[in-house]
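# Structure at a glance
What follows is each chain in one-letter form.
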Amino acid sequence: MRNMDFINSHRPPGLAGKGDRHLPQLAQDLERLLSRVVRSLAFETLRLPNDGLEELAGVLVEFGEDIHNNIGIWNSLEHYNLEFFGTRLPFVVGPDERDRRPANEHRLQHLLWVMYSELKPELLLSPTHRDLTHLAISVSTFLGKRFAGIPRGSAVKAFLGRPNTFGWDVKRKLVWLGTHSYLFRNGFRNYAGAHEKLPLIPLTDDFVCQQTTAWSGLGVIDILAATLDMSPERRATLRGWYERHTALYRVAAIKGGTMELLNAISGKTYTVRMGEGANPFRVGQVVVGSLVPWNGEWYWAGQQSAYDDMAEGQLQSLRTSFLKDSPVVAYRYCDDLAEKAWRGLDTHHREFAAYHGDDLAVYPNGLAMASDLQKEWRLQWQSQPAEAVARAMAEHKLPNPWPSTSFPRELLEHEEGVAVYYNRDEGQEMMTGFNDILAGLKKRGQDLTDDEASGIREFVSSDHISPAFVKRVVREYGYESIESAFLIRGDHKDYHLDYLLRRYKGAYYRKRHPRIALV
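Let me sum up the structure you'll find in this document. From a predicted model like this one, the values you see are computed outputs, not experimental measurements.

What counts and how
- Residues numbered from 1 in each chain as written.
- Predicted model: local features only at pLDDT ≥ 70, side-chain atom pairs only at ≥ 80, totals over all residues.
- Heavy atoms only, no water.
- Helix = DSSP H or I, 4+ residues; strand = E, 2+ residues; numbered from the N terminus.
- Rg over C-alpha atoms; globule rule 2.2 N^0.38 Å.
- Buried < 20%, exposed > 50% of the residue type's maximum accessible area, 1.4 Å probe, protein only.
- Contact = heavy atoms within 4.5 Å.
- Areas by Shrake-Rupley, 256 points an atom, 1.4 Å probe, with all protein chains shown as cover.
- Lys, Arg positive; Asp, Glu negative; His and termini not counted.
- Charge placed at Lys NZ, Arg CZ, Asp CG, Glu CD.
- Pairing = 2+ DSSP bridges.
- Axes fitted to C-alpha atoms, helices over the stretch in contact; angles between N-to-C directions.
- Core = buried A, V, L, I, M, F, W, Y, C linked by side-chain atoms within 4.5 Å.
- Salt bridge = Lys/Arg side-chain N within 4 Å of Asp/Glu carboxyl O.
- Expected span 1.5 Å × (residues − 1).
- Phe/Tyr/Trp six-rings, centres within 6.5 Å; stacked < 30°, edge-to-face > 60°.
- Polar contact = N/O pair within 3.5 Å; in protein donor to acceptor, adjacent residues only side chain to side chain.
- Parallel < 35°, antiparallel > 145°, perpendicular 65-115°, else oblique.
- Left-handed = near helix turned anticlockwise from the far one by under 90°.
- Nonpolar A, V, L, I, M, F, W, Y, C, P; charged D, E, K, R; others polar.

## Re the overall build of the chain
When helices and strands are tallied, the chain shows 23 helices and eight strands. Its C-alpha atoms give the chain a radius of gyration of 26 Å, near enough to 24 Å, the size a compact globule of 519 residues would have. Principal-axis analysis of the C-alpha atoms places the extent of the chain at approximately 80 × 70 × 40 Å. Across the 519 residues that make up the chain, the buried fraction comes to 52%. Taking all contacts inside the chain whose residues are at least 6 apart in sequence as the whole, residues at least 24 apart take part in 67%. Split by element, the accessible area of the chain, about 24400 Å² in all, is 50% carbon and sulfur. Taking the 63 positively charged and 66 negatively charged side chains of the chain as two groups, their mean positions are separated by 5 Å.

Here it is as structure tokens:
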């Protein structure tokens, strides 16, 4: 049976539950139902190729398994939604509404809406599209009837219920959840496709530890932390794994099952728990890798590279390069450098606001923007003591008493409006195509052109633009056109913007560090 192979390929290895053997047949029957229902819908919007229908059927059956066995994956998502937006199912039910039927159509509607964005990334779909509602009702009826006759017992629940004593116990669950669970595996597939040049181990580690997803901007670590039975302290530790301590480490000592490492960037020491088998490292080596904390110790995350006989001078040279090229990573564990960077960021923000009279400057084109920013920087340097300027010119070999700057040609030739925003928590941000964005926002959601709607969507969804930048513009022009651009229908609600910003810019809702280097 084709569906049996498909379902089994995503199960935790070596485990079985009482209800597991029923899932392949359910998936096959649901795939047939989906095919019939989708063909009967008013629009072709929700149609999928055969492999897409098979995947969607598997996702929906495994969602039903989750709800039927109270595994907690979907409940974790609803918990976060309630915390963030005041409703468990944004755009589908109100703050005070709750349908207690397990696989109800409201849950299915939200699940299908987000899942279609993973299966058909080019699709722009309203969360209240009538075909989506019809499909959700059909699937809800099917799952409710079929799961009523299936015994409880799930390999997934047994797997996630295993002890979390060691970091690798948690990491094993994290990798499975991020690459095989119904909630995340399609997001992982898309991420892998967009980063196909990366080796599998670091790619997987980046996705499960670092990336945020279409599920309300949450990461795999967030959902796992809420799903597992653990203390609030351990839950907070796991949710902090996005701040992996990536650095150059000198192996100082090896003691039984642990090793002592010296972080060459910060000077701090780490006790690292090693797994079973021979330790691949030896005292004196320099190891490039990432560490995450668990239960008072540290564990390797992703891939490591070890180097023998590295002289201290060479190590210090690499440290200098690391601080120059990856300062934001270093700020995770170099508190003194992070504090200096924050002070520098605050100074730059005050200088920007003093020059422009605001934290936002809008230009008709790229050339006007570049000319004005260069003028601003020259004036800032002219305000410094002459000896400080001379020292900086000599140290950095500057031909003029201001920093040398260059802008991409396409930016200089851009004629559709450029906005520059100085975010006191991030640094300088820039958005092109701002004429269409402003024109669209000024219409308050009425009669947007395709270019205006597209520009607004790019503004909201770009991971290079912070929520603070979007909210800064919304304060003047409102968010009605943002709702319109994303096909959000019905009453205007404040959480609509909050949801979109979290979904597309989830990383900005974690701990942030200044995006500037200390030279």
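The rest of the description comes next.
## Structural notes on the pairing of strand S2 (residues 258–263)
Relative to S2, strand S1 (residues 245–255) runs antiparallel, the two sharing six bridges. Looking at the pairing, Arg 250 lines up with Leu 262 of S2. In this antiparallel pair of consecutive strands, S1 and S2, the connection spans two residues, and Gly 256 shows a positive phi of 60 degrees. With five bridges joining them, S2 and strand S3 (residues 269–273) adopt antiparallel strand pairing. Within S3, the position partnered with Thr 258 by the bridge is Arg 273. Taking the residues that link successive antiparallel strands as the turn, the S2-S3 hairpin has five residues, and the phi of Gly 267 there is positive, at about 85 degrees.

## Quick look at the sheet that holds strand S7 (residues 418–423)
Spatially, three strands are ordered S6-S7-S8 in an open sheet, and the strand pairing comes out antiparallel. The sheet terminates laterally at strand S6 (360–363) and strand S8 (427–432), the two strands that pair on one side only. Between one strand axis and the next, the sheet turns by 15 degrees as a mean value, whatever way the strands run. Direction of pairing for S6 relative to S7: antiparallel, over a ladder of four bridges. Within the sheet, the bridge partner assigned to Ala 361 lies in S7 and is Val 420. Here helix H15 (residues 335–356) sits on the sheet in contact with S6, S7 and S8, set at roughly 135 degrees to S7.

## Let's talk about the nonpolar core
Among the nonpolar cores identified, the biggest contains 110 residues, and Trp 74, Phe 469 and Ile 482 are the most heavily contacted of them. In this structure, Phe 469 is in contact with Leu 360, Ala 419, Tyr 421, Glu 429, Met 431, Phe 434 and Phe 459, ignoring residues within four places of it in sequence. Trp 300, Leu 323, Ala 341 and Val 420 belong to the second-largest nonpolar core, a separate cluster that totals 43 residues.

## Observations regarding the pattern of salt bridges
Evaluation of the coordinates by the stated rule reveals 31 salt bridges. The partner of Arg 444 in a salt bridge is Glu 480, and the shortest N-O contact between them spans 3.3 Å. Of the two residues, Arg 444 sits in the loop between helix H19 (434–442) and helix H20 (450–461) while Glu 480 sits in helix H22 (residues 480–485), which places them 36 residues apart along the sequence. Where salt bridges share partners, they join Lys 171, Asp 205, Asp 206 and Arg 244 into one cluster.

## A look at helix H4 (residues 73–85)
Under the 1.5 Å per step criterion, the end-to-end length of H4 is 18 Å for 13 residues, consistent within 8% with the ideal 18 Å. Within H4, the full set of buried residues consists of Ile 73, Trp 74, Ser 76, Leu 77, Glu 78, Tyr 80, Asn 81, Phe 84 and Phe 85. Gly 86, located one to two residues past H4, shows a positive phi value of around 80 degrees.

## A word on the packing of aromatic side chains
Tallied over the full model, the rule gives 28 aromatic pairs. Ring centres 5.6 Å apart and planes at 40 degrees place the aromatic pair Phe 486 and Tyr 504 in the tilted group. A residue pair is termed long-range when its members are at least 10 positions apart, and Phe 486 in the loop between H22 and helix H23 (494–504) and Tyr 504 in helix H23 qualify at 18 residues. Given the relative accessible area of 6%, Phe 486 is considered buried. Relative accessible area serves as the criterion here: at 29%, Tyr 504 is assigned to the partly exposed category.

## Details of helix H6 (residues 130–147)
Across its 18 residues, H6 extends 26 Å between first and last C-alpha, which sits within 8% of the 26 Å expected from 1.5 Å per residue. Looking at H6, one finds that the buried residues are Asp 131, Leu 132, Leu 135, Ala 136, Ser 138, Val 139, Ser 140, Phe 142, Leu 143 and Phe 147. Each element contacted by the buried residues of H6 is listed here: helix H2 (23–40), helix H3 (50–69) and helix H5 (105–119).

## What about the environment of Tyr 249?
Along the chain, Tyr 249 turns up in strand S1. Taking the C-alpha atoms as reference points, Tyr 249 and Gly 284, separated by 35 residues in sequence, lie 9.7 Å from one another. With near-sequence residues (within four places) excluded, Tyr 249 lies in contact with Leu 261, Leu 262, Asn 263, Tyr 270, Gln 285, Val 286, Val 287, Gly 289, Leu 291 and Trp 300. Polar side-chain contacts of Tyr 249 include one of 2.6 Å to the backbone oxygen of His 245.

## Overview of the packing of H3 against H6
As a packed pair, H3 and H6 sit with axes 11 Å apart at the nearest point and diverge in direction by 55 degrees. In this view, H3 runs oblique relative to H6, as classed from their interaxial angle. Classified by chirality, the crossing of H6 by H3 is right-handed. Here Leu 60, Val 61, Phe 63, Gly 64, Glu 65 and His 68 of H3 lie close against H6, whose contacting residues are Val 139, Leu 143 and Phe 147. When its residues are assigned to classes, the contact of H3 with H6 shows six nonpolar, two polar and one charged.

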